[in-house]
Structures are given as structure tokens and as C-alpha cells.
Amino acid sequence: METRVLKINDAERDCSAILEAARLIQAGEVVAFPTETVYGLGANALDAAAVQKIFEAKGRPSDNPLIVHISKCQDVDRLVRELPPAASSLMERFWPGPLTMIFKKSHLIPDTVTAGLDTVAIRMPRHPVALKLIERSEVPIAAPSANRSGHTSPTMAQHVLDDLGGRIPLILDGGRCEVGLESTVLDMTAEVPTILRPGGITYEMLTQVLGEVRVDDGALKPVKGQRVKSPGMKYTHYAPRAQVVVVRGELDQMVDKINAMAQEYMKQGMEVGILATHETKDYYKEVKVLVLGSRTQPAVMASNLFWALRQFDDLGVDIVLAEWIETREEGLAIMNRMLRAAAFRVVDA
Ligand code: AMP
Ligand code: MG
């Protein structure tokens, strides 16, 4: 199958591309589209056969449920069995935006979408192309990240083409994603709302609205077995071709340890990449260094993480030594993804 890429500079003016994508969605096809978090691979969420095509294109395990995207807050009503009162305050404050909430699902949602769970994940994205596509499709759109299962999530149309070219009919190219990490997944069916996957809406922001919020144990640790509440968190994820090792410690010690490790790997003939920050980048020599951003701006570092992991692949690096980032604000989401990219290989400095 030929994969067409249609560039959109202005969601209002370039409406013909969005209309074409909407027609494909209505015809039961899949389409990749930009959101403010990462690129999504969407299909009509109410059509089980269409949703099945998402799993096939991605090679996604069928027990990993999808997020359903809507364009108006009212759309949530017919998709869920009940809305806890706290949900309204969260919608008002964070929708449209990078917050996904889990509710008890209504009969309208096919089991394929939720991987057989009786709950459904719902989000209203704020990217104008995503909003217009959902609106014009006139159905909710089920969409996971538009990458081959296990790869790093795409933050540019080219990433989608690299992963899914020849497997899907259309990619809407809306430029680079602003948040650059997937949405926060918040379980609203738990006694205390619980973050299953940290993301663009931080723990700190959620506690301001809700008071008490929990963070699932799996945020910074491997999760296994039956206890998994967010099935997606148990899979190998965000893995670039290179092996990733995270180095943790005080800034000075971390830099020394990374330099020592880099020397060792180079002696073995390996091409070494270092994932650094503004504060440390000048201390690394003779290696390929990519800078996430300043440690004082976790949102900026978050937006660069997936781009950097894919960039190391293009640079032909064999091993990436990544600095630990403090887990406050967006730092929690950064470390959640970085640790998975590293398959939880952590070295203390
Ligand atoms: P992706 O869109 O590829 O980033 O993946 C969606 C994420 O949302 C995965 O981690 C899923 O496990 C999670 N998710 C989707 N639906 C549910 C649900 N009903 N309960 C818990 N987690 C969910
Ligand atoms: Mg994904």
C-alpha cells in the first residue's frame, strides 16, 4: 500500500486534507495524525473491524487497550457508564490537553478498543488538526501512538513514515509535536485518582485540582503479571536500536561516571552517545552528545526525549549513556519513558 503524506500548515485553511482523512476514518480505514503529545494512529472507535486494523499496522499486542479521542466534552457522556464528580473539574481545567482519564465504559465501546477491560480511556486533544479530524469524522477516534509496537513514539510525520510507511494509507503532517511525550493516564475508577502513566499533565498540576492523587508503583519500576492496571506499561517500550543505560547520582559524579563508562565502551570499539543537559554538555568530549534542555525546564526536556532517542539511531550509536533527571514535574514522565527505553538498566555513579 502507498502511504501518502499531506502537509497541513493551518487546520482551517488546509481543510481538504482533513476532510479526506475524515472520509477514510468513516470508511473504516486508519489514518495517522498529529496531536500535541505524539502522532496517533486513529480509527473509528465504534467500529471493531476498523480498530483491529490499528493493532495489525502497529503489531500491537491485543491485550493493550487504546485511548479514545473526542472533540467536545459532551462526547464523553455516551461513552461511559458513570462520571465521577471530580472528572468535571479535571475536564474544565485540562481539556483539551494531554490528560487521559479512565472510566467505566458504556456498551458503545467495542471490546477490541479496551482489550476486554470494562473501563475505557478517554482524552480530548488540543492540537487543532486532531480536533478538526475528530469533529469532521463525526465519531470518537481510537488512537495509540503511531509507531511500530515497542518503538519510540513518533513526534514528527517522518517518524511515522519510518515505522508505518507502506502499512497505512495516509499521514497528516502537522509538524513537530509540542509536548513530545504521551498523555498522562489517570485512573478515575480508583478510590483515589491514580496516575497509571505520567505525562504532560503533572502530578503537581493534578494535586492542585484534586488534593489527593496517587502515582502507581509502575511509574518508575518494572510492572509484571496480573496486577498490571495499565497494560501498556508492562511492554518493552520506546526502545531505540542502541542499548540505553541510565546513570544516576549527583551531577559531578554522574558526569565522571559517564565519561569513564564512555572510555570503556570506546575501547571495545563501540560508538557512544550521551544524553546530556545544558548544565553538563560541555564536560563530554569525543562522543556524540545530544542535549535534552536545561534541568530547570523539565517540560522542554520532555519534548526533546523521543526526538533524541530516534536521533541516536540516525547517528549510528551502539550505546546511549543517559543522565538521570529529577522526577519532579515533567521529570517523572521523562524518567518513566527513559527507564523503559533502557529496559531499567541503571548504574549508580
Ligand atoms: P498509547 O496510546 O500507545 O500511548 O497507549 C495507551 C496507554 O493507555 C497504554 O499504556 C494503555 O495501557 C493505557 N490504557 C488504555 N486504556 C486503558 C484502560 N481502560 N485502563 C488502563 N489503561 C489503559
Ligand atoms: Mg504507544
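For the structure, check the block above.
Not measured: the values here are computed from a predicted model. (Residues numbered from 1 in each chain as written. Chains lettered and ligands numbered in written order. Predicted model: local features only at pLDDT ≥ 70, side-chain atom pairs only at ≥ 80, totals over all residues. Heavy atoms only, no water.)

Trainee: Before we move on, could you go through the pattern of salt bridges and cite the residues and values that matter?
Mentor: Taken as a whole and assessed by the stated rule, the structure comprises 17 salt bridges. Asp-111 is the partner of Lys-105 in a salt bridge, and the nearest nitrogen-oxygen pair spans 3.7 Å. Here Glu-271 ties to Lys-288 by a salt bridge, and the two come within 3.4 Å at their closest N and O atoms. Placement of the pair is Glu-271 in the loop between helix H8 (251-267) and strand S13 (272-276) and Lys-288 in strand S14 (residues 288-291), with a sequence separation of 17 residues. (Salt bridge = Lys/Arg side-chain N within 4 Å of Asp/Glu carboxyl O. Helix = DSSP H or I, 4+ residues; strand = E, 2+ residues; numbered from the N terminus.)

Trainee: Help me get a handle on the side chain of Thr-100, residues and values and all.
Mentor: In this structure, Thr-100 sits in strand S5 (residues 99-104). Within the local environment of Thr-100, its side chain forms a polar contact with the side chain of Ser-183, the two groups lying 2.7 Å apart. In this structure, Thr-100 is in contact with Ile-67, Ala-121, Ile-122, Arg-123, Ser-183, Thr-184, Val-185 and Leu-186, ignoring residues within four places of it in sequence. (Polar contact = N/O pair within 3.5 Å; in protein donor to acceptor, adjacent residues only side chain to side chain. Contact = heavy atoms within 4.5 Å.)

Trainee: Explain the pairing of strand S9 (residues 184-187) residue by residue, including any values.
Mentor: Going residue by residue along S9, you find Thr-184 and Leu-186 tucked away on one face and Val-185 and Asp-187 tucked away on the opposite face as well. Where S5 and S9 come together, four bridges link them in parallel fashion. The residue bridging Leu-99 from the neighbouring strand is Thr-184, located in S9. Relative to strand S10 (residues 194-197), S9 runs antiparallel, the two being bridged by three bridges. When the bridges of S10 are listed, Val-185 appears paired with Arg-197. (Buried < 20%, exposed > 50% of the residue type's maximum accessible area, 1.4 Å probe, protein only. Pairing = 2+ DSSP bridges.)

Trainee: Mind laying out the sheet that holds S13, listing which residues take part and the relevant values?
Mentor: Spatial ordering of the open sheet is given by S14-S13-S15-S12-S16, a layout of five strands whose pairing is parallel. Two strands bound the open sheet, and with one partner strand each, they are S14 and strand S16 (346-348). On average, each strand axis in the sheet is inclined to that of its neighbour by 25 degrees, with strand direction left out of account. Direction of pairing for strand S12 (residues 243-248) relative to S16: parallel, over a ladder of three bridges. The residue of S16 that forms the bridge with Val-247 is Val-347. (Axes fitted to C-alpha atoms, helices over the stretch in contact; angles between N-to-C directions.)

Trainee: Run through the pairing of S10, naming residues and quoting values.
Mentor: Between S9 and S10, which pair antiparallel one after the other, the connecting turn spans six residues. Looking at chain direction, S10 and strand S11 (residues 214-215) are connected through two bridges and run parallel. By the bridge assignment for S11, Thr-194 is matched with Arg-214. Crossover S10 to S11 through helix H7 (residues 203-210) is right-handed. (Right-handed = clockwise from strand over helix to strand, strands pointing away.)

Trainee: Now, about the state of the cysteines: what can you tell me, with residues and values included?
Mentor: In the structure shown here, the tally under the stated rule is zero disulfides. Left without a disulfide partner, Cys-177 is nearest to the cysteine sulfur of Cys-15, which lies 20 Å away. (Disulfide = S-S within 2.5 Å.)

Trainee: Go over helix H9 (residues 298-314), please, and point to the residues and values.
Mentor: Its 17 residues give H9 an end-to-end C-alpha distance of 25 Å, which sits within 8% of 24 Å, the value for a rise of 1.5 Å per residue. Most pronounced at Leu-305, the bend in H9 amounts to some 35 degrees. With 12 of its 17 residues buried, H9 lies for the most part within the structure. Of the residues making up H9, those classed as buried are Pro-298, Met-301, Ala-302, Ser-303, Asn-304, Leu-305, Phe-306, Ala-308, Leu-309, Arg-310, Phe-312 and Asp-313. (Expected span 1.5 Å × (residues − 1). Bend = angle between axes of the 7 residues up to and from the residue.)

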